[in-house]
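# Remarks on the overall topology
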Amino acid sequence: MKQTLYDKLWDSHVVSQNDDGTCLLYIDRQLLHEVTSPQAFEGLRLAGRKPWRIDANLAVPDHNVPTANRAAGISDPVSRLQVDTLDQNCREFGITQFGMDDPRQGIVHVIGPEQGATLPGMTIVCGDSHTATHGAFGALAHGIGTSEVEHVLATQCLIQKKSKSMLVEVEGELPAGLTAKDIVLAIIGRIGTAGGTGYTIEFGGSAIRALSMEGRMTVCNMAIEAGARAGLIAVDDTTIDYVKGRPYAPGAEHWEQAVASWKQLKSDPGAEFNRVVRIDARDLQPQVTWGTSPEMVVTINDKVPNPENETDPTKREGMKAALKYMGLEADTPIRDIQPEIVFIGSCTNGRIEDMRAAAAVARGRKVAANIKQALVVPGSGLVKQQAEQEGLDKIFIAAGFEWRDPGCSMCLAMNNDRLKPGERCASTSNRNFEGRQGQGGRTHLVSPAMAAAAAVTGHFIDVRELEVL
Amino acid sequence: MDKFTTLTGLAAPLDRANIDTDAIIPKQFLKSIKRTGFGPYLFDEWRYLDHGEPEMDCTNRPRNPDFVLNQQRYQGAQVLLARDNFGCGSSREHAPWALLDFGIRVIIAPSFADIFFNNCFKNGILPIILPADQVDALFTAVSATPGYELTVDLEQQTISAADGTSYTFDVDPFRKHCLLNGLDDIGLTLEKVEQIKAYEELKKKETPWLFRG
C-alpha cells in the first residue's frame, strides 16, 4: 500500500482506534502560550490532574508582550496578569518556559523550530491556529482549542478523526524577487479560504523543495488560511541540515538513528491524494491582498476587483462589504494604494530570512514621507541577535524603520502595537480580517520584500522594479 | 459540559460568509484568564459603535442598529443561521465560549472551519451542516417570520419548525454520544491509560530522542 506522508505520520501515532474511525492520537510536543492556556491549567487544577509528560511541553509568552521598552514590563494590567499566569502555571507544574526576559523568547512558532523542539515525524499541537507552521519539518502539526490543550496536558493524546489529503504541487523555478509568501498567497487565491477545510495539505513540487526551511514554514503557516488545519512538506537534506545541532535536537547518541527514520518521511511515489492542485511557479507575480479575507488576493500588476463582475450573490455582497471596510474603489490599480503603516514580522514572516529580504530593499533608502510608522519585529530574541550581528538593525534604523523586541505584535494587536481606525497597513502577517490589526484597521498582506518596498516608495510597487542599492 | 438533547429556540440570521473568530470575539477580550463572561462582547466590533475593552460594562454602550443581532425580534436567540466557512481563522475557544455565554446552543451553516467546529462540541454547542439550499430556505423563513423558532433533536438528528419545515442532519456518532451525555473527553481518554503507556514504551525504543525526561 503506497502511503502519503500524512498516512505515515498518522499511523505512527495512533494509540487506539474505535469502530467509527475515531482515534486516540499520541502527541509528541505541545507548545503553550499565555492566551489559550490559562483556562486549561485551571481545568487541570479543578480536576486534580497533573500533566502527563512535563518534558513534552514548552511554553513562551508572545501575544501580549511589549515590543518596545520591555524592561518597563507590561503596562496593561489585564495583559500582565495573563503573562504572569503563564509564568505561575509553568512554575507550579514544572514546565519549561522562556520568559519575557529570556533571550530565547519569541513567537511560539518561531522558537519551536529554532530550538529543535520541532522535529520531523512528531505530532505537534498548540492552542494557536498557526501551529500548521511546524508541518514544514514533516511533522503533523495543528492548532487546537483550549479544551484540547487541557486534554493533551492531562493525557498526552487527542481524540481525532483522520482528514482527507490534498497535494498542492508547485513546480518550476520561482522568479527572482518572489518568495514563499507569494506562493502561499497565490495558493489561497486559487483554492479559497475554505478550499482546504477537512484536508491536510501536503505542499510539494520543485518550487517547494527549493525553499529554505524559513520559506517552507511561511507556506505551511498559512495552510490554515486556506482552511486546512495542517500543512506538510516532506523531509529532505534541507530539513535535516536545519535541525542538526539545535538545543532540543537529538544528540550524537541518537542522531544517525533519527536521520534514518526521518528520511522515510515523504509520500511514496504514486500515493493517492483526495485532491491534487497544480501551480506553475514560473507564472507567479508578487501578491497583494485587497480585501478582508486572505483569498481576496491579486497580483501587484492587477486592479482591485469589481464586485459587479461576480456572479455568486453571497460572494458579491462579501466583496462589496470588503471594499467598504477597506475604503477602496473597485478597479483601482493596486500600485495606487498607499499604506500609512508597514509591519514586518509575525509567525509567518518574522524569521532571519525575512529580515534579510526586507533589509535588502531598505538598504540605502528612506521610509517615504506618507508612512507614519514602519515596524520591524523579529520573531524571536535569537532572530534579533542574528540580525544585529549581520547589521540589519542598522540598515532598518538608518532607513527610518523602528527595530523592536520579539513578539506577535501588530499581527493581532493584543499588545500596544495596533492600527487606529481607518489606518492602512502593508503587513507581512497572515490575516487581513476586519479589526485584526486593530479596530477599523485595514490590512494588505504581502511578502517582507514587498512590505519594505511599500515602505520606501509610499505605495505598493513590484519589488523587482527597485534596484539593489 | 452541559448536555445537549433537544432544544426549541428562536433563530437569528447572520447572512455573511467567512465569519472569522476575530469577528466573533475580538482579540482584546482574549486577555481574560476565565472561560466565562464573554457574551456581552460577542461580535463586539459589529454590535457596538464604540470600542470595547475587557471588563467594560456594556449596558449603556451605543448599539449598532444595522447589526442583525441587535434587532428586537432576535433577542433571546438560541439558534444562529450562518453562511459558509463560519468560524474561520484563529483557534480561540473564546469564540464558542462567547456564543454560549450569549445564549447560542445551535449554529446552522453550509460549512464550518475545522477548529471552530471541533471547539463547539467541547462546549455543548451543536454545529449543524446543512446543504446550502436548505440553509437558504431557513434564511428566507426566519427573515419572513418574526418569532421563527426551530426545534433541534440531537437524538433523532432532526430540525423542524411549526411551518412544517423538517430536515435531517449528520453528526459524528462519537461526538453525538458525548454531547447527549455531557461527557468529559479527558475522563474517557483516561480509561485508556494502559494503552497510552504501552504506546510510550514502544516509542521509547523506536524514537528515543523524543523522550528527554
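My aim in this report is to walk through the structure given alongside it, one point at a time.

About the cut-offs
- Residues numbered from 1 in each chain as written.
- Chains lettered and ligands numbered in written order.
- Predicted model: local features only at pLDDT ≥ 70, side-chain atom pairs only at ≥ 80, totals over all residues.
- Heavy atoms only, no water.
- Buried < 20%, exposed > 50% of the residue type's maximum accessible area, 1.4 Å probe, protein only.
- Helix = DSSP H or I, 4+ residues; strand = E, 2+ residues; numbered from the N terminus.
- Pairing = 2+ DSSP bridges.
- Right-handed = clockwise from strand over helix to strand, strands pointing away.
- Contact = heavy atoms within 4.5 Å.
- Buried area = accessible area lost by both parts, 1.4 Å probe.
- Salt bridge = Lys/Arg side-chain N within 4 Å of Asp/Glu carboxyl O.
- Polar contact = N/O pair within 3.5 Å; in protein donor to acceptor, adjacent residues only side chain to side chain.
- Axes fitted to C-alpha atoms, helices over the stretch in contact; angles between N-to-C directions.

## What to know about the pairing of strand 9 (residues 164-171) of chain A
Residues and elements named next belong to chain A. Taking burial as the measure, the eight residues of strand 9 include six buried ones, the bulk of the element. Across six bridges, strand 9 lies against strand 10 (residues 199-204) in parallel orientation. When the sheet's bridge partners are listed, Lys-164 is paired in strand 10 with Tyr-199. One crossover worth recording links strand 9 to the parallel strand 10 by way of helix 6 (residues 180-191), and it is right-handed.

## Section: the interface of chain A and chain B
Contacts between the two partners involve 77 residues from chain A and, on the opposite side, 60 residues from chain B. Carbon and sulfur atoms make up 56% of the area that chain A and chain B hide from each other, which totals about 5500 Å². When residues of chain A are sorted by the area they lose upon contact with chain B, A:Gln39, A:Trp52 and A:Gln439 head the list and together hold 12% of the total. In this structure, the connection of chain A to chain B is made through seven salt bridges. Two residues, A:Glu150 and B:Arg35, come together in a salt bridge whose shortest N-O distance is 3.5 Å. Inspection of the chain A/chain B interface yields 30 residue pairs in polar contact (both at pLDDT 80 or more).

## Considerations on the sheet that holds strand 3 (residues 106-109) of chain B
Residue and element names in this part refer to chain B. In spatial order, the strands read 4-3-2-1-5-6-7; together these seven strands make up an open sheet with mixed pairing. If you trace the sheet from one side to the other, it starts and ends with strand 4 (126-129) and strand 7 (166-168), each paired once. On average, each strand axis in the sheet is tilted by 25° relative to the strand beside it, whichever way the strands run. For strand 2 (residues 79-81) and strand 3, the ladder comprises three bridges, and the chain directions are parallel. When the sheet's bridge partners are listed, Leu-81 is paired in strand 3 with Ile-108. Packing of helix 5 (residues 132-144) onto the sheet brings it into contact with strand 1 (6-13), strand 2, strand 3, strand 5 (149-153) and strand 7, and relative to strand 1 it is tilted by some 80°.

## As for unusual backbone geometry
Within the chain, A:Gln156 stands out as a residue other than glycine whose phi angle is a positive 65°. By the secondary structure assignment, A:Gln156 is in the loop between helix 5 (146-155) and strand 8 (157-160). The exposure class assigned to A:Gln156 is buried, which follows from its relative accessible area of 0%. Positive phi, close to 50°, is recorded for B:Phe43, a residue that is not glycine. Checked against the element boundaries, B:Phe43 lands in the loop between helix 1 (21-24) and helix 2 (44-47).

## Focus: the sheet that holds strand 3 (residues 29-32) of chain A
All names here are of chain A. Ordered in space as 5-4-3-6-7, the five strands form an open sheet in which the pairing is parallel. Only two strands of the sheet have a single partner each, and these edge strands are strand 5 (96-97) and strand 7 (140-143). Alignment of strand 6 (residues 123-126) against strand 7, held across four bridges, turns out to be parallel. Bridged to Ile-124 within strand 7 is Ala-141.

Just distances and angles here, no functional claims.
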